[in-house]
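# Structural overview for review
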Amino acid sequence: RPNIWKRLIGLTRKSTGTMTFPLKQEQSTLKTDDELFASAGCNLFTHTPMIRDWLMDLYPGKSFTVGSYAYLNGALHVQVSLAMDAIVKDLSEKRPGTSLAYLCTPTDLHLVPKEAWDASIQNFKEYNKKPLCILMKLLSQGKLLKKNARNP
């Protein structure tokens, strides 16, 4: 999927951020961007343990975020989700400083402890007191800046 990698790498080059990804061959052997795009990535289905091991050894002693952004239709989505979950489970348990990021959909649910819910409500109340928030709520007739934490 070189075209996907071309787009992702292009976006990253235009940003202030960084993106780390596996390559099928040593980066020093890649002479052109097209070779880089063709060598980028891995297969979550067939390389799950190798991906986990690579991430466990990546940036020793430093914090980093692992994004679980794969999506497939139907039963394949369940399989790719299980592969991603296996990887991030080990990372979050065995590697301090690892944070996780997910591509959420409107159907995703996240259970949180009551303390986290209480804190989100308090933060929302304090944030809404700011003049800019008050103005935005007035101008949008209450359509913007709505609480998104439902009562337990």
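The structure under discussion appears in the preceding block.
Below: a short report on this structure. In this text, all values refer to a predicted model and were calculated from it rather than measured experimentally. (Residues numbered from 1 in each chain as written. Predicted model: local features only at pLDDT ≥ 70, side-chain atom pairs only at ≥ 80, totals over all residues. Heavy atoms only, no water.)

### So, the pattern of salt bridges
The condition is simple: By definition here, a salt bridge exists when the distance from a side-chain nitrogen of Lys or Arg to a carboxyl oxygen of Asp or Glu is within 4 Å. Numbering goes from the N terminus for both helices and strands, where a helix is a DSSP run of H or I of at least four residues and a strand is a run of E of at least two. Only protein chains enter the area calculation, which uses a 1.4 Å probe; residues under 20% of their type maximum are buried, those over 50% are exposed, and those in between are partly exposed.
On inspection of all chains with the given rule, the structure shows six salt bridges. Residues Asp90 and Arg52 are paired through a salt bridge, measuring 3.3 Å at the closest nitrogen-oxygen approach. Remark: Arg52 occurs in helix H3 (residues 48-57) and Asp90 occurs in helix H4 (residues 75-94); sequence separation between them is 38 residues. In this structure, Asp118 and Lys114 form a salt bridge, with 3.0 Å as the shortest nitrogen-oxygen distance. Taken together, the positions of Asp118 and Lys114, both in helix H5 (residues 114-127) and four residues apart, correspond to about one turn of that helix. On the accessibility criterion, Lys114 (51% relative accessible area) is exposed. Connected through shared salt-bridge partners, Arg52, Asp53, Asp90 and Lys94 make up one network.

### Some points on the nonpolar core
Going by this rule: We define the nonpolar core as a collection of buried residues of types Ala, Val, Leu, Ile, Met, Phe, Trp, Tyr and Cys that are connected through side-chain atoms lying within 4.5 Å of one another.
Counting residues in hydrophobic clusters, the biggest one holds eight residues: Ile51, Leu55, Leu58, Phe64, Val66, Ile87, Val88 and Leu91. Going through the elements one at a time, H3, strand E1 (64-68) and H4 are the ones with two or more residues in this core. Here this core takes three residues from H4, the largest share from any one element.

### Quick look at the environment of Gly41
As for its placement among the helices and strands, Gly41 is situated in the loop between helix H2 (33-39) and H3. For Gly41, a relative accessible area of 7% puts it in the buried group. Between the alpha carbons of Gly41 and Phe21 there is a distance of 6.3 Å; along the sequence they are 20 residues apart.

### Comments concerning the layout of surface pockets
Here is the rule: Detection works on a 1 Å grid of protein atoms alone, calling trapped sets that fit a 1.4 Å probe cavities and calling open sets with protein on both sides within 12 Å along at least five of seven lines pockets, with lining residues defined by an atom within 4 Å of a point. Grid points are joined across faces, edges and corners, and a volume is the space filled by probe spheres set on the points. In this count, Pro and Cys sit with the nonpolar residues alongside Ala, Val, Leu, Ile, Met, Phe, Trp and Tyr, while Asp, Glu, Lys and Arg are called charged and the others, Gly among them, polar.
Reported here for the largest pocket is a volume of approximately 1,400 Å³. Around the largest pocket, the lining is made up of 38 residues, and of these Trp5, Gly41, Cys42, Leu44 and Gly67 lie nearest the centre. Within the residue set of the lining of the largest pocket, elements represented by two or more residues are helix H1 (2-13), H2, H3, E1 and H4. Grouping the amino acids of the lining of the largest pocket by side-chain chemistry returns 28 nonpolar, eight polar and two charged. As for the second largest pocket, its lining consists of 12 residues, of which Leu109, His110, Asn148, Ala149 and Arg150 are closest to the centre.

### A word on H1
Spelled out, the test is: Given a helix with a known number of residues, its expected span is that number minus one, times 1.5 Å. Of all possible arcs, the one meant is that of the directions from the helix axis to the C-beta atoms. Residue contacts follow a heavy-atom distance rule, with two residues in contact if any of their heavy atoms lie within 4.5 Å.
Taking 1.5 Å per residue, 12 residues should reach 16 Å; H1 reaches 16 Å between its end C-alpha atoms and fits that length. Along H1, the residues classified as buried are Trp5, Ile9 and Thr12. Taken down its axis, H1 places every buried residue within 55 degrees of arc, on the same side. Those residues of H1 that are exposed and angled more than 90 degrees off the buried face are Asn3, Arg7 and Leu11. In this fold, the buried residues of H1 make contact with H2.

### Some details on the packing of H3 against H4
Rules: Fitted lines through C-alpha atoms give the axes, limited to the stretch in contact for helices. The angle between two N-to-C directions lies from 0 to 180 degrees. Relative orientations are named as follows: roughly parallel for angles under 35 degrees, roughly antiparallel for angles over 145 degrees, roughly perpendicular for angles from 65 to 115 degrees, and oblique for any other angle. Crossings are classed by handedness, with left-handed meaning an anticlockwise turn of the near helix from the far one by less than a right angle and right-handed meaning a clockwise turn.
Two elements in contact, H3 and H4, have axes separated by 9 Å at closest approach and are oriented at 30 degrees. Considering the angle they form, H3 stands roughly parallel to H4. With respect to the hand of their crossing, H3 and H4 are arranged in right-handed fashion. Within the contact between the two elements, H3 uses Thr48, Ile51, Arg52, Leu55 and Met56 and H4 uses Ala83, Ala86, Ile87, Asp90, Leu91 and Lys94. Broken down by class, the residue content of the contact of H3 with H4 amounts to seven nonpolar, one polar and three charged.

By themselves these figures say nothing about function.
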